[in-house]
Amino acid sequence: MGDDSEWMKLPTDQKCEHKIWKARLNGYEEALKLFQKIEDEKSSEWGKYLGLVKKFVTDSNAVAQLKGLEAALVFIENAHVAGKTTGEVVSGVVGKVFNQPKAQAKELGSDICLMYIEIEKAEVVQDELIKGLDNKNPKIVVTCIETLRKALCEFGSKIITLKPVVKVLPKLFESREKAVRDEAKLLAVEIYRWIRDALRAPLQNINSVQLKELEEEWVKLPTAAPKQTRFLRSQQDLKAKFEQQQAAGGDEADGDDDDEAEVAQVDPYELLEAVEILSKLPKDFYEKIEAKKWQERKEALEAVEALTKNPKLENGDYGDLVRALKKVIGKDANVMLVAMAAKCLAGLAAGLRKKFGTYAGLVVPTILEKFKEKKPQVVQALQEAIDAVFLTTTLQNISEDVLSVMDNKNPSIKQQASLFLARSFRHCTPSTLPKSVLKPFCAAFLKQVNDSAPEVRDAAFEALGTAMKVVGEKAVNPFLTDVDKLKLDKIKECADKVELAGKKGGGGGGEKKAKPAAKAPPPVEALAKQSGAPKKAPPAKAAGPPKKGKPASAPSAKSKKAPDTKEIVETELSPEVCEEKAAAVLPATCMQLLDSANWKERLASMEEFQRAVEQMDKSEMPCQALVKMLAKKPGWKETNFQVMQMKLHIVGLIAQKGSFSKTSALVVLDGLVDKIGDVKCGSNAKEALTAIGEACCLPWTAEQVVSMAFAQKNPKNQAETLNWLANAMKEFGFAGINVKAFINNVKTALAATNPAVRTSAITLLGVMYLYMGAPLRMFFEDEKPALLSQIDAEFEKMQGQSPPAPIRGTKRAAPDEEGDAAEEEVDSGAGDIMDLLPRTDISDKITSDMVSKISDKNWKIRKEGLDEVATVISEAKFIQASIGELPMALKGRLSDSNKLLVQQTLNILQQIATAMGPSLKQHVKNLGIPVVTVLGDSKPNVRAAALSTLNTWVEQTGMKEWLEGEDLSEELKKENPFLRQELLGWLAEKLPTLRTVPADLMLCVPHLYTCLEDRSGDVRKKAQDALPFFMMHLGYEKMIKAAGKLKPASKDQVVGMLEKARAVMPAKPEVHVKAAASKPASSAPAAKPASAPARNQSPCEDFSEPEPKPDTKKAKPAGPAAKKGVVGKKPPVKAGAKDEEDRSGPIFILVPNSKEQRIKEEKTLKILKWNFITPRDEYVEQLKTQMSTCLPKWLQDELFHFDFQRHVKAIGAMIEHMEPECEAVIGCLDLILKWFTLRFFDTNTSVLMKALEFLKLLFTMLSRKNYQLNDYEASSFIPYLILKVGESKDGVRKDVRAILTMLCKVYAASKVFPLLMEGTKSKNSKQRSECLEELGCLIENFGMNVCQPTPAKALKDIAVHIGDRDTTVRNAALNTVLAAYNACGDQVFKLIGNLSEKEMSMLEERIKRSAKKTPAASAKQERPQRELPANPSATFLRKPAQEEVPNKLNQARAQNAHLEQSTPSIPKEFQLDLDVFENNHTCASDIPDLVQHKLDEVLEPVMIPERKIRSVSPHFDDIHNSTASTINFVISQVASGDINTSIQALAQIDEVLRQADKAEAMSGHIDQFLIATFMQLRLIYNTHMADDRLDKKDIFKLYSCIIGNMLSLFSMESLAREASMGVLKDLMHGLITLMLDSRVEDIEDGQQLIRSVNLLVVRVLEKSDQTNILSALLVLLQDSLISTAGSPMFSELVMKCLWRMIRFLPQTINSINLDRILLDVHNFMKVFPKDKLKQLKSDVPHRTLKTLLHTLCRLTGAKILDHMSMIENRNESELEAHLRRVVKHSANLSGIKSDKSSEKGTLRSDDKVIKAKVSDILSEIFKKIGSKENTKEGLTELYEYKQKYSDADLEPFLRNTSQFFQSYVERGLRMIESEREGKGRIQPSTGVIPQHSTDSYLPGSSTVPVSNNGEDMNAAAYYERLKILRKRRGLENSTPEEDRPPLSSLRPSVASSTDMLHSKLSQLKESREHFQQEQSHSHSPTRSSSPASNLDDLKKRLERIKSNRQ
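Residues numbered from 1 in each chain as written. Predicted model: local features only at pLDDT ≥ 70, side-chain atom pairs only at ≥ 80, totals over all residues. Heavy atoms only, no water.

**Q** Lay out the overall build of the protein chain in plain terms, naming residues and giving numbers.
**A** For the protein chain, the helix and strand inventory stands at 112 helices and zero strands. Counting the 2006 residues in the protein chain, one finds 54% classified as buried. Sequence separation of 24 or more characterises 76% of the internal contacts of the protein chain that already satisfy a separation of 6 or more. Surface summary for the protein chain: the accessible area is close to 90100 Å², and the carbon and sulfur share equals 52%. (Helix = DSSP H or I, 4+ residues; strand = E, 2+ residues; numbered from the N terminus. Buried < 20%, exposed > 50% of the residue type's maximum accessible area, 1.4 Å probe, protein only. Contact = heavy atoms within 4.5 Å. Areas by Shrake-Rupley, 256 points an atom, 1.4 Å probe, with all protein chains shown as cover.)

**Q** Any chance you could break down a positive patch on the surface for me, citing the residues and the numbers?
**A** Taken together, the side chains of Lys 1730, Lys 1734, Lys 1746 and Arg 1781 define a basic patch exposed on the protein surface. Take Lys 1730: it is sitting in helix α101 (residues 1730-1735). (Patch = residues over 30% accessible without salt bridge, like charges linked within 9 Å, V, L, I, M, F, W, Y side chains within 5 Å. Salt bridge = Lys/Arg side-chain N within 4 Å of Asp/Glu carboxyl O. Lys, Arg positive; Asp, Glu negative; His and termini not counted. Charge placed at Lys NZ, Arg CZ, Asp CG, Glu CD.)

**Q** Requested: an account of the environment of Glu 88, with residues and values cited.
**A** Summarising the element assignment, Glu 88 is placed in helix α7 (residues 86-96). Spatially, the C-alpha atoms of Glu 88 and Val 124 are 9.9 Å apart, while their sequence positions differ by 36 residues. Residues within four places of Glu 88 in sequence aside, it is in contact with Leu 50 and Lys 54.

**Q** Any chance you could break down the packing of helix α69 (residues 1204-1218) against helix α71 (residues 1229-1239) for me, citing the residues and the numbers?
**A** Contact geometry of α69 with α71 gives a least axis separation of 13 Å together with a crossing angle of 150°. Between α69 and α71, the interaxial angle falls into the category roughly antiparallel. Handedness of the crossing formed by α69 with α71: left-handed. Residues His 1207, Ile 1211 and Met 1214 of α69 pack against Ile 1232, Trp 1235, Phe 1236 and Arg 1239 of α71. (Axes fitted to C-alpha atoms, helices over the stretch in contact; angles between N-to-C directions. Parallel < 35°, antiparallel > 145°, perpendicular 65-115°, else oblique. Left-handed = near helix turned anticlockwise from the far one by under 90°.)

**Q** Tell me about the packing of aromatic side chains, and please be specific about residues and values.
**A** Under the defined criterion, the tally for this structure stands at 28 aromatic pairs. For the ring pair Trp 46 and Phe 75, a centre distance of 5.6 Å and an interplane angle of 75° mean the geometry is edge-to-face. A residue pair is termed long-range when its members are at least 10 positions apart, and Trp 46 in helix α4 (residues 45-48) and Phe 75 in helix α6 (residues 62-78) qualify at 29 residues. As far as the burial class goes, Trp 46 and Phe 75 line up, both buried. Lying across the ring of Trp 1235, Arg 1239 places its NZ or CZ 4.7 Å from the centre. (Phe/Tyr/Trp six-rings, centres within 6.5 Å; stacked < 30°, edge-to-face > 60°. Lys NZ or Arg CZ within 6 Å of the ring centre and 35° of its normal.)

**Q** Mind laying out the environment of Gly 773, listing which residues take part and the relevant values?
**A** Here Gly 773 is to be found in the loop between α44 (755-772) and α45 (785-798). Overall, the relative accessible area of 13% leaves Gly 773 in the buried class.

**Q** Quick rundown of helix α98 (residues 1688-1703)? Include the residues and the values.
**A** Between its first and last C-alpha atoms α98 spans 23 Å; for 16 residues at 1.5 Å apiece the expected length is 22 Å, and the two agree. Taken together, the buried positions of α98 are occupied by Phe 1690, Ser 1691, Leu 1693, Val 1694, Met 1695, Cys 1697, Leu 1698, Met 1701 and Ile 1702. Close packing links the buried residues of α98 with α94 (1621-1636), α96 (1646-1663), α97 (1666-1682), α99 (1705-1708) and α102 (1740-1756). (Expected span 1.5 Å × (residues − 1).)

**Q** Give a description of the nonpolar core that names residues and reports values.
**A** Within the largest apolar cluster, 99 residues are counted, with the highest numbers of intra-cluster contacts made by Met 1562 and Phe 1610. Residue contacts for Phe 1610: discarding those within four places in its chain leaves Leu 1570, Ala 1616, Leu 1624, Leu 1627, Leu 1656, Arg 1659, Val 1660, Lys 1663 and Ser 1664. Formed by 96 residues, the second largest nonpolar core is a distinct cluster that contains Met 1214, Leu 1258, Ile 1282 and Leu 1335. (Core = buried A, V, L, I, M, F, W, Y, C linked by side-chain atoms within 4.5 Å.)

**Q** Give me the lowdown on the side chain of Ser 1620, citing residues and values where you can.
**A** As for its position among the elements, Ser 1620 is in the loop between α93 (1613-1616) and α94. Relative accessible area serves as the criterion here: at 0%, Ser 1620 is assigned to the buried category. At a separation of 2.5 Å, a polar atom in the side chain of Ser 1620 contacts the side chain of Asp 1567. (Polar contact = N/O pair within 3.5 Å; in protein donor to acceptor, adjacent residues only side chain to side chain.)

**Q** Go over the confidence of the model for the protein chain with me, naming the residues and quoting the values.
**A** Taken as a whole, the protein chain shows an average pLDDT of 75; of its residues, 76% reach a score of 70 or greater. Residue range residues 250-264 is modelled with pLDDT below 50. Its contacts to residues more than four positions away, or to other chains, number 14 contacts. Scored below 50 in pLDDT, residues 500-569 shows 117 contacts in the model against residues more than four places distant or in partner chains. (pLDDT = per-residue confidence, 0-100.)

**Q** Describe in detail helix α10 (residues 138-155), supporting the description with residues and values.
**A** The terminal C-alpha atoms of α10, which comprises 18 residues, lie 25 Å apart, in line with the 26 Å expected from a rise of 1.5 Å per residue. For α10, the set of buried residues is Ile 140, Val 141, Val 142, Thr 143, Cys 144, Ile 145, Thr 147, Leu 148, Ala 151, Leu 152 and Phe 155. The inward-facing, buried residues of α10 abut α7, α8 (103-118), α9 (122-132), α11 (162-173) and α12 (178-195). Two or three places before Lys 139, at the opening of α10, Asn 137 has a side-chain oxygen 2.9 Å from that residue's backbone nitrogen. Of the residues flanking the end of α10, it is Gly 156, one or two places downstream, whose phi is positive at about 85°.

**Q** Could you give an account of the side chain of Ser 1322, with specific residues and numbers?
**A** For Ser 1322, the position within the fold is in the loop between α76 (1309-1319) and α77 (1325-1342). Among the residues examined, Ser 1322 registers a relative accessible area of 18% and is labelled buried. Here the side chain of Ser 1322 touches Asn 1324 through a polar contact of 2.9 Å, landing on its backbone nitrogen. Setting aside residues up to four positions removed in sequence, Ser 1322 forms contacts with Gln 1327 and Arg 1328.

**Q** How would you summarise unusual backbone geometry if you had to cite specific residues and measurements?
**A** Between Gln 1348 and the following residue, Pro 1349, the backbone shows a cis peptide bond with an omega angle of 0°. Within the secondary structure layout, Pro 1349 lies in the loop between α77 and α78 (1351-1359). Phi is positive for Asn 1266, which is not a glycine, with a value near 60°. Inspection of the secondary structure assignment puts Asn 1266 in the loop between α72 (1245-1264) and α73 (1271-1275). On the basis of relative accessibility, which here comes to 38%, the residue Asn 1266 falls in the partly exposed class.

**Q** Pulling in residues and values, what's your account of the pattern of salt bridges?
**A** Throughout the structure, instances matching the rule amount to 69 salt bridges. Here Lys 326 and Glu 885 are joined by a salt bridge, their closest N and O atoms 3.8 Å apart. Placement of Lys 326 in helix α19 (residues 319-331) and of Glu 885 in the loop between α49 (859-876) and α50 (886-893) is noted, with a sequence separation of 559 residues between them. Arg 423 is paired through a salt bridge with Asp 387; the nearest N and O atoms lie 2.7 Å apart. You can see Arg 423 sitting in helix α24 (residues 411-426) and its partner Asp 387 sitting in helix α22 (residues 376-390), a full 36 residues away along the chain.

**Q** Explain the environment of Ala 1298 to me, using residue names and the numbers behind them.
**A** Take Ala 1298: it is sitting in helix α75 (residues 1290-1306). Since its relative accessible area comes to 1%, Ala 1298 is described here as buried.

**Q** Explain the packing of α24 against helix α25 (residues 435-448) to me, using residue names and the numbers behind them.
**A** For the pair α24 and α25, the least separation of the axes is 12 Å and the interaxial angle reads 140°. Viewed along their axes, α24 and α25 adopt a mutual orientation that is oblique. Relative to α25, α24 is oriented so that their crossing is left-handed. Across the interface between the two elements, Lys 414, Ser 418, Leu 421 and Phe 425 of α24 pack against Leu 438, Phe 441, Phe 445 and Gln 448 of α25.

What follows is the structure in structure tokens.
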């Protein structure tokens, strides 16, 4: 008992898993009681037992297990979470309960399984039970079968999926255990009860005795359909209904409905296993089927026939087999084999079902042609085959093929085609047999009802009768207008018979189809009555509901049309009968005087005639008799116009008042047309025609009138007829107009010589265009250009107009017919526009030779075949659907190994789509689906082509055909990431546009779920994007149910995604319809037909069912209004105006203090704090509530709409109102920013891009208003913005970066910094790298103080990312630390803390690389940095240096044209105090003043050369710095992406350049300025010129400014010579590209611009440093020749420049550094050796180079060989050999000189050798001086060499170097001399090394000389330094060296201009720091050498400048 007391104390859940069985038993009992007490199904108590339930049922102790089962049952019944345990518990029940001997345990186990089914877990339970059937223990198997039977009996076949159960049944019948067999028998009986005969096929192979027993049992079953007796939790409504029925004793009608539903649900085919037969075909089948002996062919067919008897076949490529069978049917002479082949085809079609649809188009024409056979067995086999094939496809797909044989000469073919259609129609419904399909068939049948062969007539009657039965009499009647009553009765008789045949043939199917058809019409009809005329548009798209309405309204149609029908077929009366009838109603005098010779008597007769007609009643008016009396001699030849006018008026009266038939009309029409052009009678004739049009319908009247007019030659009549028709169309509308009938006559009229006829024709076309739209133009594309332009002009006039509402032609239509009339209008008018196009049959042009070419082994021949196909299609323009064997051939090419052919095939398929139009639908399965497969190609360009083809196809076919069947799901099943991502992306784009989709879309869902967990991130992303659109159509419930079949791990993940998708699921399709419907509602009702043609061809063509309801509701007022003529327009227009009024006025409402109130509420937690990972519904609702006071309701509805397009519109409206309502925008800024954070979580790119566009404009506006974001606004927006910086799309990232840059103007940078730091913690590597890059920019722009909370903490966190596994993140982190290094030097190493060795080496390498690119200050940077706080002046000086050292971040900014957005460098000098900055001391407003006024004032003191003492002042660099930084800033604006900013900057620089006294300030900035200029040139060329939105005048102005500045610059030689080689190269490249830009010529004054550029190029060549420009041109020529992409003209212009340089060489040779030029030529010849140069297309480059070298040799002679010192391995150089040849040649020519005395010659040669040696020694020495490491050693060696050879001439080595280098060498030599003589100790340079690159300025290169020997030494050093600086600034005007090129070097390198810019900026920084050091080291003794007065004066001026600046 001691043990008992222990476990008794334990809680219930622990007892349940105790090791003692009694404890467990006790625990189960307690749990049972507890479970019965818990009322809340979601109580947390249930969760405790979630993991224990399995143990309840699998307890090893039988007694405890029994109690555990009871407890588990109660748990499952009541716990909300019970579903999670299904798999494990049912598995436990099957394994551990069903084998128990106790019946009670089994019963409880079974109840548990059924309870799980009740809580919606049927699939899992069923799977576990079926697994249990494989158990070795027969007891378990028996109980599993029994449980399955119970489940089926109680829940029915809808919940229990029968297919897997039926599949295992045969196996159970084979069991050795009798108990299993008996239980299986009971299960089979139960299944039969639910699905009846569908079970027979799967069980046909079981033991015959067992089958017999089953048959006996099945017979005993009651015939009444079984009913579900137990219901799922989700079926509680059904349960209540069932209980009511039970109480009432059952309801038979409902039972019938249920029965129908059940029977319809189960398809025996679905229960069968598919058999794979292709592999089982005999190996020699294809040989035998071609054999000459019929017996062999028969053997082959027998083998196939046996295989095709399998009722269900596995999908595969049956193309070859089908082609083989088709050949037998079409060409085999043995009819027995034809019959066999037909049976095989029938078997294939029946076994494959929809999968056979691909091949339907291939075999149908052949079968139809073969119906010429008379043998009954052959005909029967063919009938079976074609019927089976029909069931695999649609009538639309094969309609072309059937129609083509309907007028065949062979009556058997016509008969069988009609009979086939009759049989096919029985399978159709009104929606699958739309008017567009039925119309051409009816036309063909009507021909056949008059056929001479009776069997053909009978077949046609049967087909028409069947059609009438299916779609209703009203729908068919419009096509039977010309059929006489006898034939019409026969058709109706056939229709009555069809019903009986349908019942027999289709079992209950006929009834089932009829019921919905009968039930559907009333509501649709009712809607039609309300809608009236405006209902024209919906049926244009719809084939559905409107047509279902027809059968119901048939009786009314009959009653209405009965009199019309009699009149239409009115027989022609003889003249005698006419006179008799006329005499009965007309006065006798009238009759007598009708043909009087006296016109007055005739006139009197007409007056009496008119009075009689006016008084006559409609019923007694003999119209035909009366009009024949009018036609009596003289009739229409009447010469008196008064009589004629009266006559025509009477015709109109008769037509209006009487029952006027077409027979009567034909009597008068000829006469009316003859008078229509008459000046006096024309108007009467037109009125009469209009009246006849109203009586006999306009389409018929118009056709007759136009054909009569063009049968005669009177141009006046023709013109007036066309005018009348144009007017009549406006009055009657476009209903039923036969466009085809008019087109030829209109073309005739257009070609007429009479201008009036042409004008009338064009006017008529304009009216037709109103109704038909753009497709009308297709008919006239072949017309002459002049005529076509007139037609286009007329169409242009009509553009945007809506057609008027019809005011005539509605007299006879009853209200309930109006909707139908409207539908007919669209169907037969504009709707069929594509059908009206004349199409060519190209099947005969697709020859077998062409098809074999396409399939050839040689790709070139395949290409040839494809080219031929493309030619055939392009020549045909519009083609019919029959294209022979082309589809199969093209399908093969889609998988071609040659990707070019695949692309060509895709192009052909696009051609076919455009050419074929809507008929393309029949090729979707056999050609469209293979295009989907191509989406899996590895090459992006092929995938893009496939996607383009798909979209082109869908435009023509709609989406229905693509989504039907298993094809798409099969494609999605393929494990190809490219295919999956492209296909899902495509579906995500298309599905939202559809109103309904086929149920087959459900087949894609399992594969969609697989894609959600795909290895590829792109596939997962696309699957997630597509998920909401699948859910939109299939519903959340179905999607969740499908997810139930997944593995538990996958299921949880997928269900989570489904929940998210549910939240963002777009609105249901009805919403789209309403949106569409609201547009026409605001215009005239008849506006809709105008858009009909376009909509008819839209992808949604087949999915229009939901449309009529919303449309008709909207258009309701227009129904009655339509009758009142123009008044019909008013109601909708008013509604539209009202909408407009609602949306006018401000959209941002300013509510005082509302923002402050919201901030307060959030702080006190009264509302939710805006902080989430993904936005939940409560956040959205809260925002919606808050916005309701600030925004109008319509905008709020748009902002919170499900449809993303509404969001785009809303943002557009907000953009429009932002500027005028900026105060209100700021008032609700927090709400606006919050709403945009929600958009960041949308997946739609168009919304995101629009949102970012708004935000850019918003922050620009806020910056302009000097508004500063508060923390509340920033914290609810910036973190979410930072999320988007990691977006995969470049455009989004670029915009987000731009917004972040703007943010720093409206929110403290130091507060943005920590938010970006948070962003670096993201899992998204792109986001991490972008945040790090942005941090780098902040450090660069705002210094180290921006780092929060402290620089050390921030940099440690940044440095962590140096070890990131992603390269871009590593690089970004290194760049950011580098930016910090540039700001604070080596101190950064202390701040970043400990890094691993690898990371530290990466950082050091990056710093070193950066130092190479931009020679940075020495390691002594630390010292001034530390002294910064004590030295405000130094801080002031350091700041620009930080900003001017660009790294990759700033380069990227410049390239993206965002320079203008980054904060300018000048104002930042005043932003160091971050607290001041953050407290709204906006500096942005100071920018213009600083830039504008500083130039003059700052430049003034610099230009005082006489004050030499200034250099001694420690404040000298203040002035230099402010000038330099100002110029730097202005230059940075030159490269701005904003044209105006750039023009302003150029204007400021031009102002400086034009004034000689100020121009020198640009010295030192020339390269920088030129780089900015050609960057702007590149920006114009690549971006601005391509942007159509920009005004070309602005671009021209910018070009003019650039060229003007350049001309000014290059007119000053001193400045021009500063341009370095690399910069000149890029500048020349930019200028030559501009000269060649053809777009410039299109600008006004473009030629003038090019002439200016030409002048500038000449100026650059003349004024630049000659070495640099010649070197630049050589390198540019080399680059242009290497590049194949460039224009050949480019190279030519470069060479022209070189020729010009060569021409002036005699004058410039002395100023050229030949060593450098020869090095460039050497490099050129290395890239282009002589042989390669000669291979170029042009020999000009070779000649140019040759001429250059010859000229140099001629000018310098043999000395040229001494200038090759810079070429390494000169012996290997081709150049040296060439120069020696040239020198030798010139020496031979001047032979006399070479024959001088040998002594002199020897001396000369000795001298030469000595000179060469000296040259080599000195070269080595100068190389050392030039190198960083050996400079000191080099100077020492030079000093010693000079001591040794005092007469050594250093001039040649120093001549071409810069002045500063020469000074450096001289100073170095003096220092060594003074050291050695002991006069003083001068420290040599330790920090800065002289630079010898082409772009160097060589700044001060030694530290300040510190001497102990008093003032003299210091003064000398300072004086030397002053000289150097003065020279640099161009202040010394008298030095003779000024003529030398200042920017040449000993060892040039072709550096990029960006690197040069880096170099210059770092040198500026270096020089400043040097002066800081000087200031800190120099003391009063130095200054005492300066006169005190001068010094004080200087100080005062500097103070004044500084105060102005601040």
